[in-house]
Amino acid sequence: LWVKLYMCRSVSSGTLFASSEQRHLFTTSTKALNKRNSFALTPKRLKYQHQAISKRIHYGKFIAESKFLEAPDIYSKHIRNEDRQAIWNELSNFKVEELLLKRVFNKASAYVQDITDDGALETYKIQPEALVRIYKDLIIPMTKEVEVDYLMVRI
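Overview of the structure. Note that this is a predicted model, so its numbers are computed, not measured.

## Let's talk about the packing of helix α4 (residues 72–80) against helix α5 (residues 84–91)
Alright, step 1. One can describe the packing of α4 onto α5 by two numbers: an axis separation of 8 Å at closest approach and a directional angle of 155 degrees. Regarding the angle of α4 to α5, the classification is roughly antiparallel. Pair α4 / α5 crosses with left-handed handedness. In this structure, α4 contributes I74, Y75, H78 and I79 to the contact, and α5 contributes A86, I87, E90 and L91.
Alright, step 2. Partitioning the contact of α4 with α5 into residue classes produces six nonpolar, one polar and one charged.

Have a look at this one:
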């Protein structure tokens, strides 16, 4: 719930995105889906996008709990010292992140193609690279932030 409220407040105030480029990346996906001038669906789609992102970020709590149970001594030491950066570093697994980004790219390449009535592939509704950047620059860091926040109140 905290992340959902934070995201709603952040999106409405414009602070969810660190830069205008990130804001543009996020809103471009919705505009691309509204290619046929069906802009009435934009608020509904934004709501579903925010809910999906919130759900994805909330899974970070389960990941944090799992990692804590694997190495409670390490995390307990960092939590007692209130060393958020050390916790962040312990949570980071760059191999897994790279695999995730490749998976996002492959799924986006397959699912966001614009198909004509005769079955021919036109173009992408949104560039797969843009979705990878959204994951890399927004979703993964926000997930880690939730994980760190969760662990800071864990013990």
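The discussion continues.
## Quick word on the pattern of salt bridges
Alright, step 1. According to the stated counting rule, one finds three salt bridges in the structure shown.
Alright, step 2. Residue R154 pairs with E65 through a salt bridge whose shortest N-O separation is 2.7 Å. Remark: E65 occurs in helix α3 (residues 42–70) and R154 occurs in the segment after α7 (128–152); sequence separation between them is 89 residues.
Alright, step 3. The class of R154 is partly exposed, set by a relative accessible area of 27%.

About the cut-offs
- Along each chain, residues carry numbers from 1 onward, in the same order as the chain's sequence is written.
- Local features in this predicted model are restricted to residues of pLDDT 70 or higher, and side-chain atom pairs are both shown and tallied only at a pLDDT of 80 or more, whereas totals for entire chains, interfaces and linings draw on every residue.
- Computation of side-chain values: all heavy atoms of the structure, hydrogens and water removed.
- Geometry is summarised by axes, namely lines fitted to C-alpha atoms with helices restricted to the contacting stretch, and by angles between N-to-C directions that run from 0 to 180 degrees.
- Helix and strand definitions follow DSSP, with helices as H or I runs of at least four residues and strands as E runs of at least two, each counted in order from the N terminus.
- Angles are sorted into four bins: roughly parallel if under 35 degrees, roughly antiparallel if over 145, roughly perpendicular if 65 to 115, and oblique for all others.
- By definition, any crossing whose near helix is turned counterclockwise from its far helix by less than a right angle is left-handed, and any crossing with a clockwise turn is right-handed.
- Any two residues whose heavy atoms approach within 4.5 Å are treated as being in contact.
- Following the grouping adopted for this structure description, the nonpolar residues are Ala, Val, Leu, Ile, Met, Phe, Trp, Tyr, Cys and Pro, the charged ones are Asp, Glu, Lys and Arg, and the polar ones are all others, Gly among them.
- Within this document, salt bridges are pairs made up of a side-chain nitrogen of Lys or Arg and a carboxyl oxygen of Asp or Glu, the two lying within 4 Å of each other.
- Categorising residues by exposure relies on relative accessible area from a 1.4 Å probe, with only protein chains included: less than 20% of the type maximum marks a residue as buried, more than 50% marks it as exposed, and the intermediate range marks it as partly exposed.

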